[in-house]
Amino acid sequence: MIGVIYDEAYLEHRPPRNHIENPIRVSTIIKEISKMGDITIEKPLSNVDEWLFKTHDRSYVLQIDNACNEGYVFLDADTYVSPGTCRAARLAVGAVLRGIDKVLSGEWDAAYAVVRPPGHHVGHTGRALMAPTQGFCIFNNVAVGAVYALERGISKIAILDIDVHHGNGTQEIFYGDPRVLYVSLHQDPLTIYPGTGFIDEVGEGEGEGFNVNVPLPPFTADDAYQETLNNVVWPIIDEFKPQLILVSLGFDAHELDSIANLRLSLNTYTEIFRRLKNIIGKVKGVVFVLEGGYNYDVLSKGSRLLIDIMSGREVEVDEPITQTDPRTLARVKSVIKDVVRIQSPYWHIT
Ligand SMILES: [Zn+2]
């Protein structure tokens, strides 16, 4: 079964003015999920500082705490802090930790942490790699989760990041760590924030070969995206044989999301959920963690599909499968070729 983790404290991370990353995103999802009847919604773990300090620099966490005390502050052009942010951000981390506890204990097969603020753009000290901003993120929820799972004795974790943006923070944190495989599909960094996530970023030192970036050209649609999943993403994850999978679940790769230019329908999300449902049994569990996604309808429909599929129910998607135009399709095929060439020293992919 899949359980949901949520806390109303997430609504208290409030933008000082109109902002696409706002409380309605998660309240819409919870409203939809609540209609589903037999779904379990649990509270997050509340005491997370030990794990927070193992993932982020102490100075960064203190900087955030100070910002919350000041009231409404913009950390950069994208990312705000409000008086309720520090509690919300800690409980966002706590939801991932609770989800990991639930799947490791065998109580749940899968967990869905319906959280905000999102996390995957934050590295050790906030802004990660060369990014201009923190992209709405405060603490890296998924990364703290991976650190927590490692300390609980899990030695192989795959992080699958399907947010439309590259998870530069997550990449930075685990770049030298062979225990955490980071696989990200995202829009070409030359065309979108954060400007990282190129194919040749493969990890370093002992972590070399455990970082996989699949940058996709704008207008990539369902057919081509699924080709990249089948040609590189699933084969690499299968070969890695993770004990736990964490998913950075962004719904902003959907065609109706206005923040980016990929053209996925919910059919691709459904395919990903089905595939992960079938992996359960080979892994101890799958923990889905909400990252981006700014179209309320897509967020609520996508979340319902996730829960239905992970609960073993048949679903129907009321959207047509999107087709990639020939020029873009040719570019995607060349991306797949390049990923295979760069990653083939590390993985049996052809
Ligand atoms: Zn995103």
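This is a predicted model, so every value here is computed, not measured.

### Topic: the overall build of the protein chain
Secondary structure summary: the protein chain contains ten helices and twelve strands in total. By the compact-globule yardstick of 20 Å for 350 residues, the protein chain fits well, its C-alpha radius of gyration being 18 Å. When its C-alpha atoms are laid out on the principal axes, the protein chain stretches across 50 × 45 × 40 Å. With 350 residues in all, the protein chain has 63% of them scored as buried. Taking the intrachain contacts of the protein chain between residues at least 6 apart in sequence as the baseline, contacts between residues at least 24 apart amount to 79%. As displayed, the protein chain has an accessible area near 13,200 Å², and 49% of this comes from carbon and sulfur atoms.

### Let's talk about the sheet that holds strand β1 (residues 2–5)
An order of β2-β1-β5-β12-β11-β8-β9-β10 is seen for the eight strands of this open sheet, with the pairing classed as parallel. This sheet does not close on itself; its edge strands, each paired only once, are β2 (41–42) and β10 (211–216). Direction of pairing for strand β8 (residues 157–161) relative to strand β9 (residues 180–187): parallel, over a ladder of five bridges. Bridge pairing in β9 places I159 opposite Y182. Across the sheet, helix α8 (residues 266–279) lies against β8, β11 (244–249) and β12 (285–290), angled at about 165 degrees from β11, the strand it touches most.

### Overview of the packing of helix α4 (residues 85–104) against helix α5 (residues 141–151)
Where α4 meets α5, the closest approach of the two axes is 9 Å, and the angle between their N-to-C directions is 40 degrees. By the angle class used here, α4 and α5 are oblique. Every pair of crossing elements has a handedness; the one defined by α4 and α5 is right-handed. Contact residues: α4 offers A89, A92, V93, V96, L97, I100 and D101, while α5 offers N141, V144, G145, Y148 and A149. Of the residues that constitute the contact of α4 with α5, the class distribution is nine nonpolar, two polar and one charged.

### Notes on helix α7 (residues 222–240)
In this model α7 runs 25 Å from its N-terminal to its C-terminal C-alpha over 19 residues, within 8% of the 27 Å that 1.5 Å per residue would give. Where α7 bends most, at L229, the angle is about 40 degrees. The complete set of buried residues in α7 reads D222, A224, Y225, Q226, T228, L229, V232, V233, W234, I236, I237 and F240. Taken together, the buried residues of α7 touch β8, β9, β10, β11, α8 and α10 (326–343). Of the residues trailing α7, K241 is marked for its positive phi of about 55 degrees.

### Digging into the nonpolar core
In this structure, Y112, L160, V233, L249, F251 and F288 are the most contacted members of the largest nonpolar core, which totals 117 residues. Here this core takes eleven residues from α4, the largest share from any one element. Non-local contacts of V233, meaning those with residues more than four positions away in its chain, are made with L160, V183, L185, V214 and T228.

### Quick look at the coordination of the zinc ion
For a metal bound by four donors in tetrahedral geometry, the ideal donor-metal-donor angle is 109.5 degrees, whereas six donors in octahedral geometry ideally sit at 90 or 180 degrees. Around the zinc ion, the protein contributes the donor atoms D163 (OD), D163 (OD), H165 (ND1) and D252 (OD), which lie 1.9 to 2.7 Å from the metal centre. Every donor counted, the four donor atoms about the zinc ion form angles of 53 to 152 degrees at the centre, which fits irregular coordination. The sequence pattern describing where the donors of the zinc ion fall on their chain is D-x1-H-x86-D. Residue D163 is found in the loop between β8 and α6 (168–174), and its partner D252 is found in the loop between β11 and α8; the two are separated by 89 residues along the sequence. We classify D163 as buried; its relative accessible area is 1%.

### Regarding the environment of R25
With respect to the helices, strands and loops of the structure, R25 is situated in helix α1 (residues 24–34). Residues in contact with R25, not counting those within four places in the same chain, are I20, R116, L290, E291, G292, G293, Y294, Y296 and L299.

### Let's talk about unusual backbone geometry
Glycine aside, residues mostly have negative phi angles, and peptide bonds mostly take the trans form. Here the residue pair R116 and P117 is connected by a cis peptide bond, since its omega of -5 degrees sits within 30 degrees of zero. Counting through the fold element by element, P117 comes out in the loop between β5 (110–113) and β6 (122–123). Following Y193, the chain continues to P194 via a peptide bond in cis, the omega torsion being 5 degrees. Looking at where P194 falls in the secondary structure, it is placed in the loop between β9 and β10.

Thresholds, definitions, all that
- Residues numbered from 1 in each chain as written.
- Predicted model: local features only at pLDDT ≥ 70, side-chain atom pairs only at ≥ 80, totals over all residues.
- Heavy atoms only, no water.
- Helix = DSSP H or I, 4+ residues; strand = E, 2+ residues; numbered from the N terminus.
- Rg over C-alpha atoms; globule rule 2.2 N^0.38 Å.
- Buried < 20%, exposed > 50% of the residue type's maximum accessible area, 1.4 Å probe, protein only.
- Contact = heavy atoms within 4.5 Å.
- Areas by Shrake-Rupley, 256 points an atom, 1.4 Å probe, with all protein chains shown as cover.
- Pairing = 2+ DSSP bridges.
- Axes fitted to C-alpha atoms, helices over the stretch in contact; angles between N-to-C directions.
- Parallel < 35°, antiparallel > 145°, perpendicular 65-115°, else oblique.
- Left-handed = near helix turned anticlockwise from the far one by under 90°.
- Nonpolar A, V, L, I, M, F, W, Y, C, P; charged D, E, K, R; others polar.
- Expected span 1.5 Å × (residues − 1).
- Bend = angle between axes of the 7 residues up to and from the residue.
- Core = buried A, V, L, I, M, F, W, Y, C linked by side-chain atoms within 4.5 Å.
- Donors = N, O, S within 2.8 Å, 3.2 Å for Na, K, Ca; no water.
- Tetrahedral: all angles 85-135°; square planar, octahedral: opposite > 155°, others 65-115°.

None of the figures reported here should be taken as evidence of function without further support.
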